[in-house]
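One-letter residues, chain by chain:
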Amino acid sequence: SENDFEIIVADTITSAIVWQSGRILSKLTSHAFEVERKWIDLVKAIVSELVIDPTIIRERLDISFLKTCRLVPDDYSKGLDRMRLKMFYKQEKYNLFHEENEGYAKLITELNQDFRKSNVTGHDLVTRIRTLIGYFSLDPNRVLDLTLDALELHLDQSDVYIDYLKHSTTGFKSVSNLLGLKLLSFEKTKTRTPDSLFNAIALLVQHELVILDHLTPNLRPSLDETHERVEKYIEAVKVDCSQTAMSSEKQKELDQHTAEIMEQELNAREQDQWLGLCIAFLRNGDWKRAEHIMYQLPRYYVPSVPVARTLMLNAIHVCIEQLYRNAAAPKLSRRTRSIAKCKHVIEDCSTLAEFAERVMPTLMLFGPFLGDDLLLMTKVVRVCGHWVSIAKEVAEDVTDTLSEVETLFAKCILPSLMRCSSNAPMCADIWEVLRQLPYQNRFKIYGHWKNESWKNQPELLVIRSKTKKIVKGIFQRITAENAQKKTAHDLSKISMYNPVHMFEYSLNQVEAYSNLVEPYSDALKTHPYLALDFLSFCFLDSLGDQNRKRLKKEVLFESMWLQNLASFIGFVYKKYIVQMEPILQFVVNKLKEGEVLDLIILRELLTKITGYEATEEMTSVQLQAQAGGHVLRQRGTTFSNARLNKDQRRALKNLTETFTNSQDDLLIPLMVLIAQQRVQLIFQSQDKFPLVLIGELCDKCQEVLLQLSECIEPVISESFYFQHLPTLDELVSSYHVEMDAAMFLHRRRLSASIEDIAADSSSKGTAVEKYILGWQQTMEPVVTFVKRQYDSMTWREISPTFFVTFWTLSLFHLEVPRDAYEHVISELETANRQQQPLPNDTTHAARRKRRDISSNEATIKALREEENRQHAVVKCVQEMLKQTNSAFVAEKHTLKSAVVTEFLRLCIYPRCFFSAAVPEISNTQYTDAIYCAKFADLLHSLRTPNWNTLIYFDNLFRHTPCIIMSATENEARRFGRFLNETLRTLSRFHGNRKVYEQECSNTPGFTVSFQKNEHARPVEYSNYQRMCYVWQSRLLNDLLHLLGSNDSSIFRRILLVLIKISPNFPAVRNLGTKLLDHLKPMATTESDLKPLVLSCIREFEQQSVSWIPRPEYCPSDLKKKTQSSATTDEALQIFPASVGFTLFIMLAILSASSTKAPATKEEETDIPPCKKPKSATPSGSSKSSNKEDLNVSNSEDSNSDSSKQKILANVESQGHRQKSDQKSKRSSASSTRLGSSPSSQLTSTSRAKENETVMETAEARKSRSRSPPPPPPPSQSRNGATNSRKSDRITRTRPVQNSSSANKSMRSDSSRSDNPPSSSHAYSVSSHSGRYVPSEEGRSLRAKISPGKDLDARGGLAPPAELAHERRDTTSRRRRETRGSTRRRNT
């Protein structure tokens, strides 16, 4: 039709104009605006020509375009708005008198009738209500309000009301506005909004009659106000719970105030319309909208209300019931009746995937309030346990699974446990799930539980406060007597639901008070496994706190909290089954970071489990047991698996399983890291710790390494140990472990390899041959490795075979402790006799005795077999050493002193410091201090070629002061043990001439030879006695000087060494008296070392009864000896200038083989007391020891003049009896050595006459020796006297460095005489200090030989003037050398 055509044209124009308007807005060009003007002109033309009805144009086109075309007035929009308002919004204003009450009465009747009886539907209700509105002119808004009120009252008939509202013409926005006004009215009147209104709103929202977003602006209080109120509430509860009341009245006030705050918050939440609406959604089963509101409210705000919590719990019950019955429920409970049905808020889940998708996010909303329903909590925990076990069985990637389970337990399950009462089954169910997780995941859960879960939860804050009050009251009553009874029961009840705050308080108490460590550890016996595992996490949490200081203010010892906590850790792991891998991994990580202080944890752990405590004390029986086999070591020492109690054996098994079954290898890294720290401490901790503490830490590293090795030796299989232990090359080259520690770790491996080859039945030969073959095959790669570790100069003195042999063997291979075996066997046999039960006794005690007897008999049999086996091993080792000892000293060596020096440097000192013989350590490879002394004795008894035992002893005692000053306390104890064994060997040779002649007289070690293939002269017994006295004197002087040090650490180390060597030092009465005189004044001063000084004095006083007088210790025979061991010239030939051997041996040679006459009471004089030096520097030590040596030398010379005259006479008479060719050879050698021409030497005849004169006038010489020296002749010039005094002073005070310096001095003296005497008469050598001093015989003889020559003040020849400058230069040079050596010694 024409009208339709006009409408189509108008619509087309409208569309074109809209499209063109879009282009204009997008381009804004002049062409676009030109097109717009054309469109305007077109519309105007159409309207003016009446092509289209203007009314249609006005209906279709936009108002703004119509205004542009001037088709409508400018105020057209306002008029249109007024018209729309009047049409749609303006209503008739009626009052109650105008409206018909009958209409509302009928409306109410219609809305509140029982629709089920009348069969009225929503469509019928719409028709009736519309009729009432029209007939009685009712207000539609009031009709809607009455309809909503009817819905609120009759929710059971909500389907009819909902149908009515859907078919009515009322807009949805009108309903939202009306409901909002209702909610605001309750907020203004401060009255509680009824639940029925929230239920009606939830129903309308659920049927989409109301949009929730339209309604939320009217909900009160607002979300911001709610969050702010909850934060204030949490802070107020925190303040109250953190306060500590000083009295019960104050505590009651705090508790009452907290209760009031919580009650106020509960009332506020009851009036919260957001919360009411969320609860209504839950009732109606609308979980999504309820969850939407929960996420907008504060965390755990909705489940904190009991009504909402119950609705949520019931919903999850229904959801997981089927899954729980099919998978996780116990068999006996799978047929039980299910819970009452409720609305399906959440869809049922039948698989674990659906459980993870639907239930786990819901459970996160509960937080700690899941514990209000123990049944549901149990179901959830068991389903999670089933899920984890299934994931581990199928060996899938369980990372995601574990992550979801961790989150659930950290945020929901464990916090909910804190709201439960003491429930042991629940605690056990939770542990069954957590124990399947790696400890890293468990500890992550515990970390959130301990540090995050309760801090912002007022309910848990109150529980924390109450728990601490209860635990505090229990700790005030805890004692050692009640710890295992009532106290343990009370604490275990708390640990079942709130171990977090119980351990928070209890660990603080244990760290503060050491007397609570053991009682509280006993009180843990009834704690569940979950609590004990959480306790292990608390250990790491406390130890990992970087803000806690691990050292005391003095920076010398560990803090008290660290010591107490470490001790408590040891007790816990000893008494209870707790996973040890976390604490061991913590120690490993700390060692990687260079933190050595945490080794105290491992030390206490091993100490408590094995019963081993680091100590340096021992008994003789325990010492002998160290050389035995495994069974003897167990029975003869404190550490024995047979002697461990039940808890210790269980803990040791737990430790073994941890080392063998841990995910990460812990044992070998732990041992390697400890071995590395022994060296790193010295070089990397100088700025971090003081020197004394570094020494203590080094000792502790050593102790822990020995402890750990001892623990694993009997329980860790050799296959596991050898498989994981790096090779020797890797330990030294890659891991930078010192050679002593590397050989220590590999000694067990090497011994096992040798025994395996020796036990091979396929090889032929005797047992000894097989053992030697195994030794060669095993040591060949080790020797090759050792060669590369040191430079070639090292192997010029000793061979790598010697080095490897020393480091591979142990005390087990050197001797069989027969006495120890017999002692242990006798103890077991005695025990069997004492506990023999009656034949017919069947009681429990009798059965136990019979078991013990059987066990002892089996042990006796094992000891017998072990002793026989050790006999065979020792025999094989002895034969092996006899065959290989010829290769111990390298063929290229030149000096035996250099061999000894390398042996001490590379072997003795490192290994004797490594460990001492302690009773708690059962493995013989740890008795290193004893082993070193025994091995040196073995070298002597095997008659090792080119090995000089005397040089070894001398160098050892010469280095003692430096060794002690550079050692730690434990190293000083071990070195003292080593010295004691060495002194015991010397005493054994010294005390019996027959023993000396059998073991020393014809051995290479007791000969005077210093160079390779040199003709050796044996040392006679009397000379050896004098050497022993010199060694004792030297050691005493060195120790006394160090005792005067101002450094308390040095003083302490000297005392420790003295206590260790007290059984064998000092052996002479005058030396012991001097030592006691020096120590007793120190015991009167108050210091930390006073107990140690008193202990040292007590030891020496106990040993004083065995001290020997000097005449008996070092006697001399007045009878002439027909033969002399050597003359002075021979002695000088024996001691070359290149040897640094001290000259007291020359004194022994010069003294010939005569013995000293029995000393009179006056002769047995103590050595003058040593003066205390002014400083404790090594240089001061050197000067002081020189003075002491001089005192000893002068005392000896003054007391033995007569014996020296006899000795000199014997030496001269022996010289006349030599053959003529020997005389000429000796004369030429002497002239060459002394620097004089052959023409100036005495003839044999004149020399014999001189000696005859000496022999005839013995008494005259004796009287002359006691008289002062004669004055110099008048012909002596002033310069000569001066030079003579200088020469005498230089000769007395200058120490002889070697024989070359002595020869130089003697040449300068002999050059001043035409006929110089024999050097053996001109000078004697101080027995201890090694200095040349003019003897009385030398003075008198020189005076007779050359009466015309000038003599110095002591009877010696005065040096010529031309030699004065040379002597001064020599003295200055030697003083500089002495100062340089002193500086090196200090360094």
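Presented here is an overview of the structure given in this document. Given the structure is predicted, the values throughout are model-derived calculations rather than measurements.

1. Things to note about the overall build of the protein chain
- If you tally the helices and strands in the protein chain, you get 65 helices and 4 strands.
- Counting all 1387 residues of the protein chain, 55% fall into the buried class.
- Within the protein chain, residue pairs in contact and separated by at least 24 positions form 77% of the contacts whose partners lie at least 6 positions apart.
- Roughly 64,500 Å² of accessible area belongs to the protein chain as shown, and the carbon and sulfur atoms make up 51% of that amount.

2. Section: the packing of aromatic side chains
- Evaluated as defined, the whole model comprises 46 aromatic pairs.
- With a centroid separation of 6.4 Å and 90° between ring planes, the pair formed by phenylalanine 355 and tryptophan 387 is classed as edge-to-face. Placement of phenylalanine 355 in helix H19 (residues 352–364) and of tryptophan 387 in helix H20 (residues 374–393) is noted, with a sequence separation of 32 residues between them.
- When its relative accessible area of 10% is taken as the criterion, tryptophan 387 is described as buried.
- When the ring centre of phenylalanine 571 is taken as origin, the NZ or CZ atom of lysine 608, which lies over that ring, is 5.0 Å away.
- Sitting over the ring of tyrosine 721, arginine 748 keeps its end group 5.1 Å from the ring centre.

3. Focus on the nonpolar core
- Formed by 332 residues in total, the largest nonpolar core has its most connected members in Phe355, Ile430, Tyr520 and Tyr952.
- Residues within four places of phenylalanine 355 in sequence aside, it is in contact with Ile320, Leu323, Cys349, Met360, Val380, Val383, Cys384 and Trp387.
- Judged by nonpolar contacts, the second largest core, of 16 residues, contains Ile17, Ile52, Ile56 and Cys69.

4. Overview of the packing of helix H29 (residues 560–575) against helix H34 (residues 646–661)
- Contact pair H29 / H34: the axes reach a minimum separation of 7 Å and the direction vectors enclose 90°. Regarding the angle of H29 to H34, the classification is roughly perpendicular. Between H29, through Tyr573, Lys574 and Lys575, and H34, the contact on the second element is made entirely by Asp647, Gln648, Arg650 and Ala651.
- Residue classes in the contact of H29 with H34 are distributed as 2 nonpolar, 1 polar and 4 charged.

Rules used throughout
Residues numbered from 1 in each chain as written. Predicted model: local features only at pLDDT ≥ 70, side-chain atom pairs only at ≥ 80, totals over all residues. Heavy atoms only, no water. Helix = DSSP H or I, 4+ residues; strand = E, 2+ residues; numbered from the N terminus. Buried < 20%, exposed > 50% of the residue type's maximum accessible area, 1.4 Å probe, protein only. Contact = heavy atoms within 4.5 Å. Areas by Shrake-Rupley, 256 points an atom, 1.4 Å probe, with all protein chains shown as cover. Phe/Tyr/Trp six-rings, centres within 6.5 Å; stacked < 30°, edge-to-face > 60°. Lys NZ or Arg CZ within 6 Å of the ring centre and 35° of its normal. Core = buried A, V, L, I, M, F, W, Y, C linked by side-chain atoms within 4.5 Å. Axes fitted to C-alpha atoms, helices over the stretch in contact; angles between N-to-C directions. Parallel < 35°, antiparallel > 145°, perpendicular 65-115°, else oblique. Nonpolar A, V, L, I, M, F, W, Y, C, P; charged D, E, K, R; others polar.

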